[in-house]
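Letter by letter, the chains look like this.
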Amino acid sequence: MAQIKEDKDILILGIESSCDETAASVVRGGREVLSNEISSQIDIHTLYGGVVPEIASRKHTERINQVIRAALGAADKTLDDIDAIAVTCGPGLVGALLVGVSAAKAISFAKDIPLIGVHHIEGHISANYIAAPDLEPPFLCLVVSGGHTHLVIVKDYGEYEILGRTQDDAAGEAFDKVARAIGLGYPGGPKIDRASREGNPDAMHFPRGHVGNAKYDFSFSGMKSAVLNYLNSEKMQGRAVNVPDVAASFQQSVVEVLVSHTMDAAAEYHCDKVALAGGVAANSALRKTMEEACRKTGRTFYCPPPVLCTDNAAMIACAGYYDYIRGIRSGLDLNAMPNLPLGQA
Ligand code: KG4
Ligand code: ZN
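Owing to the predicted nature of the structure, the values given are computational and were not obtained by experimental measurement.

Participant: Outline the packing of aromatic side chains, listing residues and values.
Facilitator: A full pass over the atoms with the stated rule returns nine aromatic pairs. Taken together, a centroid distance of 5.1 Å and an interplanar angle of 50° make the contact between Y129 and Y157 tilted. Of this pair, Y129 sits in helix α4 (residues 120-131) while Y157 sits in the loop between β7 (149-156) and β8 (159-165), placing them 28 residues apart in sequence. Y157 shares its class with Y129; the two are buried. Relative to Y322, the ring of Y157 has its centre 4.0 Å away and its plane inclined at 5°; by these criteria the two rings are stacked. Pair noted here: Y157 is in the loop between β7 and β8 and Y322 is in helix α11 (residues 314-325), with a separation of 165 residues, a long-range link. Taken individually, Y157 and Y322 each receive the classification buried, so the pair is uniform in this respect.

Printed below as a string of structure tokens:
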């Protein structure tokens, strides 16, 4: 007879391949990470100044099986112990997503293990459950990554109300583009974060990019263009650019907008818990400024450690767990969905 497991004993194998990290993880009971293997492709894409989709797909194909094997090994588990496989099915690069989805489907079919397609942003939000075992919805979450900028009320597990989103570039995309323009290279976010520590955030003033008709939406393209115009005009006049000052001033303008929108929404919607998620949540100035704003207004601040902010599969396994216990399953017709909207995995 099959062994009946308590929720806290349920083991989920998470798989993530939506962009440039091939990742697999085993998570017990939704929040206990037994293993978290991440094979990054950053070194390869750095040569081209950004992610090259075809190369990303090929590298995922080369690495996926060994990363899954490593995650099972590090957790001291085999596929026979796994209750469900959770895999990112969108949004992301279609060729990259397909590798994880195909691997998950193959294992699900061969070993008769339930399959769950997970939305990548839902994964990022769920990283907070791992970092803070006592955190329960509802809470307000700012999701800032290379591809997304969403201000979301997490009403319940799997239930989201999107208050605002970017109307042009994502926050991480703006970091990456500005870093390239000031010669810091790829990936831009961590490099701007580091360079800013030596710079003066008040050296230049870049526009804060408010969007008139939708108060919780974001716009970063004007801010990015202002930096590019500044660099051009300095060059035309033969003046050397102070890279740390530009980095720190740009970072401050992004952080100010992110924090002010989030705190305004927290006040309007009476949210006493505020969380950060996504790769840009690893930014030291954003973490510090949001934490201070929460402390001053008596709100509890949540933020995963940097390794759970950037892409990983533990967050996918965690999101998959909450789907699993609510009876949600995907069929073997699960497909990669590069433009999947939040709340529709
Ligand atoms: O969540 P993520 O790993 O991938 C996506 O889902 O897009 O986010 C990657 C993004 C990149 O744009 C990267 O530059 C940015 O997160 N990032 C940072 C930092 N670390 C990563 N941005 C600012 N400061 C950081 N410390
Ligand atoms: Zn991501």
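Participant: Can you explain unusual backbone geometry? Please cite residues and give values.
Facilitator: For the bond from G90 to P91, the omega torsion is -10°, close enough to zero to count as cis. Inspection of the secondary structure assignment puts P91 in the loop between β4 (84-90) and α3 (94-111). Of note, the amide linkage connecting P137 to P138 takes the cis form, showing an omega dihedral of 5°. You can see P138 is positioned in the loop between α4 and β6 (139-144). Although it is not a glycine, D112 sits at a positive phi angle of roughly 55°. Of note, D112 is situated in the loop between α3 and β5 (115-119). By relative accessible area, D112 is classed as exposed at 69%.

Participant: Lay out the nonpolar core with the relevant residues and their values.
Facilitator: Buried together is how nonpolar side chains tend to be arranged in soluble globular proteins. Membership of the largest hydrophobic core comes to 46 residues, with the highest contact counts inside it found for F250 and L286. Once residues lying within four places of it in the same chain are set aside, the contact partners of F250 are A174, F175, V178, I192, F206, M223 and V227. Core analysis: the second largest hydrophobic core is formed by 35 residues, V118, M315, A317 and C318 among them.

Participant: Go over empty space enclosed by the protein with me, naming the residues and quoting the values.
Facilitator: Taken as a whole, this structure holds one cavity of 30 Å³ or more when the rule is applied. In this model, the largest cavity occupies a volume close to 50 Å³. If you go around the largest cavity, the residues you meet are E122, S126, Y129, Y157, G158, Y160, A319, Y322, D323 and R326. Of all elements in the fold, only α4 and α11 reach the threshold of two or more residues within the lining of the largest cavity. Classifying every residue of the lining of the largest cavity gives five nonpolar, two polar and three charged. Both domain 1 (11-129 + 309-325) and domain 2 (137-304) contribute no fewer than three residues apiece to the lining of the largest cavity.

Quick notes on the rules
- Residues numbered from 1 in each chain as written.
- Chains lettered and ligands numbered in written order.
- Predicted model: local features only at pLDDT ≥ 70, side-chain atom pairs only at ≥ 80, totals over all residues.
- Heavy atoms only, no water.
- Phe/Tyr/Trp six-rings, centres within 6.5 Å; stacked < 30°, edge-to-face > 60°.
- Helix = DSSP H or I, 4+ residues; strand = E, 2+ residues; numbered from the N terminus.
- Buried < 20%, exposed > 50% of the residue type's maximum accessible area, 1.4 Å probe, protein only.
- Core = buried A, V, L, I, M, F, W, Y, C linked by side-chain atoms within 4.5 Å.
- Contact = heavy atoms within 4.5 Å.
- 1 Å grid on protein atoms, 1.4 Å probe; cavity = no way out; pocket = protein on both sides within 12 Å on 5 of 7 lines; lining within 4 Å.
- Points joined across faces, edges and corners; volume = space filled by probe spheres on them.
- Nonpolar A, V, L, I, M, F, W, Y, C, P; charged D, E, K, R; others polar.
- Domains from an automatic or database assignment.

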